[in-house]
Amino acid sequence: MADYYYLLASMPLLTPGKTPAVTSGGFLAAAVTALPQRLYEVVERVMREEESAGDHPFLAAVADIEVQIRNAEAERRAEKRSTEPGAHLPFAHVDLSVAHGVEQAFQADSPLHRQRELVALRFGALDDVLVVRPYGEEAVLAYALKLRLALRLANIDPEEGRETFRDLADRAVRATMDGRPNDDQPRSDA
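Sequence order as written defines the numbering, with residues in each chain counted from 1. At least 70 in pLDDT is required for a residue's local features to be given in this predicted model, at least 80 for side-chain atom pairs to be given and counted, and no such filter applies to totals for whole chains, interfaces and linings, which use all residues. Working from all heavy atoms in the structure, the side-chain values ignore hydrogens and water.

*Asks:* Help me understand the packing of helix α4 (residues 57-81) against helix α6 (residues 111-129), please; the structure alone is not making it clear to me.
*Replies:* Any two packed helices are characterised by how steeply their axes cross, that is the angle between the axes, and by the distance between the axes. At a closest axis distance of 11 Å, the pairing of α4 and α6 adopts a crossing angle of 150°. What the angle tells us is that α4 and α6 run roughly antiparallel. Between α4 and α6 lies a crossing of right-handed hand. Facing α4, whose interface residues are Phe58, Ala61, Val62, Ile65, Glu66, Ile69, Glu73 and Lys80, α6 presents Arg114, Leu118, Leu121, Arg122, Ala125, Leu126 and Val129. To define axes, lines are fitted to C-alpha atoms, for helices over the stretch in contact only, and angles between the resulting N-to-C directions are given on a 0 to 180 degree scale. Note on conventions: DSSP H or I runs of at least 4 residues are helices, E runs of at least 2 residues are strands, and numbering of each starts at the N terminus. In this scheme, roughly parallel covers angles under 35 degrees and roughly antiparallel covers those over 145, while 65 to 115 is roughly perpendicular and the rest are oblique. Crossing handedness: left-handed means the near helix sits turned counterclockwise from the far one by under a right angle, and right-handed means the same turn made clockwise. Any two residues whose heavy atoms approach within 4.5 Å at even a single point are treated as in contact.

*Asks:* Could you clarify how one ought to interpret unusual backbone geometry in this entry?
*Replies:* Note: most residues except glycine have negative phi, and most peptide bonds are trans. Positive phi is not limited to glycine here, since Glu49 has a value of about 60°. Of note, the phi angle at Ser82 is positive, near 55°, even though the residue is not glycine. Mapped onto the elements of the fold, Ser82 is located in the loop between α4 and α5 (96-105). Buried, partly exposed and exposed residues are distinguished by accessible area as a fraction of the type maximum, computed with a 1.4 Å probe on protein chains only: under 20%, between the cut-offs, and over 50%, respectively. Residue classification places Ser82 among the exposed positions, given a relative accessible area of 70%.

*Asks:* Any chance you could explain the packing of α6 against helix α7 (residues 137-154) here in plain terms?
*Replies:* Taken N-terminus to C-terminus, the directions of α6 and α7 make an angle of 175°; their axes are 10 Å apart at the nearest point. With respect to α7, the element α6 is oriented roughly antiparallel. Only Ala142, Leu145, Lys146, Leu149, Ala150 and Leu153 of α7 make contact with α6, whose side of the interface consists of Leu112, Gln115, Arg116, Val119, Arg122, Phe123, Leu126 and Asp127. Side-chain classes follow a simple rule in which Ala, Val, Leu, Ile, Met, Phe, Trp, Tyr, Cys and Pro form the nonpolar group, Asp, Glu, Lys and Arg form the charged group, and the remainder, Gly included, forms the polar group. Here the contact of α6 with α7 is built from residues that sort into nine nonpolar, one polar and four charged.

*Asks:* Would you mind going over a nonpolar patch on the surface with me for this structure?
*Replies:* Here the term patch refers to residues with relative accessible area over 30% and no salt bridge, with like charges joined within 9 Å and nonpolar side chains (Val, Leu, Ile, Met, Phe, Trp, Tyr) within 5 Å. Note on areas: Shrake-Rupley with a 1.4 Å probe; residue coverage comes only from the protein chains shown. What makes a salt bridge here is a side-chain nitrogen of Lys or Arg within 4 Å of a carboxyl oxygen of Asp or Glu, nothing more. Residues Phe91, Val94 and Leu96 make up a contiguous nonpolar surface patch of about 320 Å² in total accessible area. Here Leu96 is to be found in helix α5.

*Asks:* Hey, could you run me through the nonpolar core in this one?
*Replies:* Grouped burial of nonpolar side chains is what soluble globular proteins tend to show. Among the buried residues, those of types Ala, Val, Leu, Ile, Met, Phe, Trp, Tyr and Cys that are joined through side-chain atoms within 4.5 Å form a nonpolar core. Ranked by size, the top nonpolar core spans 35 residues in total, and within it Phe27, Leu35, Val43, Phe58, Val140, Leu141 and Tyr143 carry the most contacts. Broken down by secondary-structure element, the contributors of at least two residues to this core are α1 (5-10), α2 (24-34), α3 (37-47), α4, α6 and α7. Counting residues per element, this core draws most heavily on α7, at eleven residues. Discounting residues that sit within four places of it in the chain, Val140 has contacts with Tyr4, Leu7, Leu8, Phe27, Leu35 and Val43. Ranked by size, the runner-up nonpolar core spans ten residues in total, among them Ile65, Ala72, Val102 and Leu121.

*Asks:* Looking at this structure, how should I read the packing of aromatic side chains?
*Replies:* The description of an aromatic ring pair uses the distance of the two centres, along with the angle that the planes make with each other. Note on ring pairs: Phe, Tyr and Trp rings are taken, using the six-membered ring of Trp, and paired if centres are within 6.5 Å. Classes follow the plane angle, with under 30 degrees stacked, over 60 edge-to-face and the rest tilted. Enumeration according to the criterion identifies two aromatic pairs in this entry. With a centroid separation of 4.7 Å and an interplanar angle of 40°, the aromatic rings of Tyr5 and Tyr135 are classed as tilted. Residue Tyr5 is found in helix α1, and its partner Tyr135 is found in the loop between α6 and α7; the two are separated by 130 residues along the sequence. Residue Tyr135 is classed as partly exposed on the basis of its relative accessible area, which comes to 37%. On the basis of an interplanar angle of 45° and a centroid distance of 5.2 Å, the ring pair of Phe27 and Tyr143 is categorised as tilted. Within this pair, whereas Phe27 is found in helix α2, its partner Tyr143 is found in helix α7, the two being separated by 116 residues in sequence. Grouping residues by exposure puts Phe27 and Tyr143 together as buried. Sitting over the ring of Phe106, Arg114 keeps its end group 4.5 Å from the ring centre. Either the NZ atom of lysine or the CZ atom of arginine qualifies as a charge over a ring when it sits within 6 Å of the ring centre and within 35 degrees of the ring normal.

Geometric descriptors of this kind do not, in isolation, establish any biological role.
Written out as structure tokens, the structure is:
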């Protein structure tokens, strides 16, 4: 099993909530010369968000953690709305730190801060899975996943989010008003 010290050491440190100093294109350009073709193809799918758990055993473990995070998020959202969360997605093993981390994230004072906390939780979960081979294939895949998360978080524009919310709220109000009789129009006796 090969290690990829040089590739990983040449990449900037990724920190949740900080804009990465490398783009996905920059990472892929470095990876194409440092990785075997099969691993590079998996990394490329990860960066395009097209990976599957069958691509690599590490991604299967990550998918299991992601399912737990999503289940815990569904529970917290349902709790806030006083509804049932619905059926849980299946996963192989339980990690209680995931549920605790999601609970902490939902204490955040804004959706953006919640997303930052959830990204930090995902970063930590990826680090926990890497304990055995910190410079192996798993570390390269973890870096790609972290970079994808960091880039997604960096591209969140709070003003655009507020505008989207206002647009959705306006549409909901209009849809509600369209369903009620309008007092300005004559009613039919039919």
